[in-house]
Amino acid sequence: MGVLNVTPDSFFDGGRYHDRAAAIARGRQMVTEGADIVDVGGESTRPGAAPVGEAEELARVLPVVEALAPLVTVSIDTTKPRVALEAVAHGARIVNDVSSTLAHVAAEAGAVFVAMHRKGTPATMQEDPRYDDVVAEVAEYLASRAEQARALGVGEIWVDPGIGFGKTARHNLTLLAHLEDIVALGYPVLVGTSRKAFLGRVAAGTLDGPALPVEERFEGSLASAVWAMAKGARAVRVHDVSATAQAARLVAEVDLAGALG
Ligand code: HH2
């Protein structure tokens, strides 16, 4: 899943694809680079991001969704009901909802629903998040959101542990270490580690210290994507599509070789 943020302020690609033509061109390029899904977002979820109004978000995402939907499966990364509904009407097939509140919209629209775990809201979620058992809490939350979505009539449900959403570097690493517990829930699992701060902390050598900048988090992004896929993630949400698609092919071949004995 390639990340396409039509925003001025996303933490990695903010401002690069704010322009509509540039966003559509990048989406097409992701398809040639091997993306199976392009995830279009019009509002940054990074800690402290400013909220975007509904009209502005619609204006950002709809033309891009419409242009890419004939070429590739498009998901809409939003927490707003109307944006999700309109995006599906313009061709999106997946509602990727970091707030896990739009299951009823996905059901009404006949879309796939991604339920993601997060603790708190973007403004405050990184202020000292605490868990007794992060893996158990995230798994329990995702199971209940997925069951709720099923009860509301969603046909296909994915779950996502929400790396970086109300989690310390250690929480993120623990979730990756025990990803099989999330996979065991029985839903396809999506994992988004791409360019996130914990990778910059690992690369800098101290989990509690400053992180290397986003430009220096490619290697960690690729390594964590391979890790997630090897642990059973069905999809990884990434900025670096070409390299990750190549890595995904390797993981698939290793899986196949293993199955063949
Ligand atoms: N991460 C981000 C946004 N949406 N959706 C899912 N399902 N999983 C994730 O891990 C996830 C997500 C944050 O990354 P990005 O879109 O690159 O940045 P921003 O939120 O600043 O636009």
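Residues numbered from 1 in each chain as written. Predicted model: local features only at pLDDT ≥ 70, side-chain atom pairs only at ≥ 80, totals over all residues. Heavy atoms only, no water.

This paragraph deals with the overall build of the chain. Along the backbone of the chain there are 10 helices and eight strands. Taking 2.2 N^0.38 as the reference for a compact globule, 261 residues should give roughly 18 Å; the C-alpha atoms of the chain span a radius of gyration of 17 Å, in line with that estimate. Split into buried and exposed, the 261 residues of the chain put 49% on the buried side. Summarising the internal contacts of the chain: among those between residues at least 6 apart in sequence, 62% fall at separations of at least 24. About 11,500 Å² of surface is accessible on the chain, with carbon and sulfur atoms providing 53% of the total. A distance of 2 Å separates the average location of the 24 positive side-chain charges in the chain from that of its 33 negative side-chain charges. (Helix = DSSP H or I, 4+ residues; strand = E, 2+ residues; numbered from the N terminus. Rg over C-alpha atoms; globule rule 2.2 N^0.38 Å. Buried < 20%, exposed > 50% of the residue type's maximum accessible area, 1.4 Å probe, protein only. Contact = heavy atoms within 4.5 Å. Areas by Shrake-Rupley, 256 points an atom, 1.4 Å probe, with all protein chains shown as cover. Lys, Arg positive; Asp, Glu negative; His and termini not counted. Charge placed at Lys NZ, Arg CZ, Asp CG, Glu CD.)

On to the environment of D208. Mapping D208 onto the fold places it in the loop between α8 (197-204) and α9 (218-230). A C-alpha to C-alpha distance of 9.2 Å links D208 and F198, two positions 10 residues apart in sequence.

The strand order β1-β2-β3-β4-β5-β6 describes an open sheet built from six strands, whose pairing is parallel. Each edge of the open sheet is held by one strand with a lone partner, namely β1 (2-5) and β6 (157-160). Direction aside, the axes of adjacent strands within the sheet are offset by 25° on average. Here three bridges tie strand β3 (residues 73-77) to strand β4 (residues 94-97), and the two strands are oriented parallel to one another. Its bridge partner being in β4, I76 is matched across the sheet by V95. (Pairing = 2+ DSSP bridges. Axes fitted to C-alpha atoms, helices over the stretch in contact; angles between N-to-C directions.)

Moving on, we come to the site of the ligand. The local shell around the ligand holds 18 residues, among which S10, S44, T45, N96 and D160 are the closest. Between D77 and the ligand, the recorded distance is 2.9 Å, taken from a side-chain N or O atom to a nitrogen atom. Residue R237 places a side-chain N or O atom 2.7 Å away from an oxygen atom belonging to the ligand. Burial of the ligand by the surrounding chains reaches 98%, relative to a free accessible area of 480 Å². The class makeup of the residues in the shell around the ligand is six nonpolar, seven polar and five charged. (Near = heavy atom within 4 Å. Polar contact = N/O pair within 3.5 Å; in protein donor to acceptor, adjacent residues only side chain to side chain. Nonpolar A, V, L, I, M, F, W, Y, C, P; charged D, E, K, R; others polar.)

Turning our eyes to something else, we now look at the side chain of S10. Inspection of the secondary structure assignment puts S10 in the loop between β1 and α1 (20-33). Residue S10 is classed as buried on the basis of its relative accessible area, which comes to 9%.

Let us now look at the packing of aromatic side chains. A full pass over the atoms with the stated rule returns zero aromatic pairs. Here the basic side chain of R16 rests over the ring of F12, its NZ or CZ set 4.4 Å away from the ring centre. Above the plane of the ring of Y131 lies K119, whose end atom (NZ or CZ) is 4.3 Å from the centre. (Phe/Tyr/Trp six-rings, centres within 6.5 Å; stacked < 30°, edge-to-face > 60°. Lys NZ or Arg CZ within 6 Å of the ring centre and 35° of its normal.)

Here we take up the packing of α1 against helix α2 (residues 54-68). Think of two packed helices as two axes; the pair is described by the angle between the axes and how far apart they sit. Where α1 contacts α2, the two axes come as close as 10 Å, and the packing angle between them is 40°. The element α1 and its partner α2 pack so that their crossing is right-handed. Listed contacts from α2 to R20, A23, I24, G27 and R28 of α1 are A59, P63, V64, A67 and L68. When its residues are assigned to classes, the contact of α1 with α2 shows seven nonpolar, one polar and two charged. (Left-handed = near helix turned anticlockwise from the far one by under 90°.)

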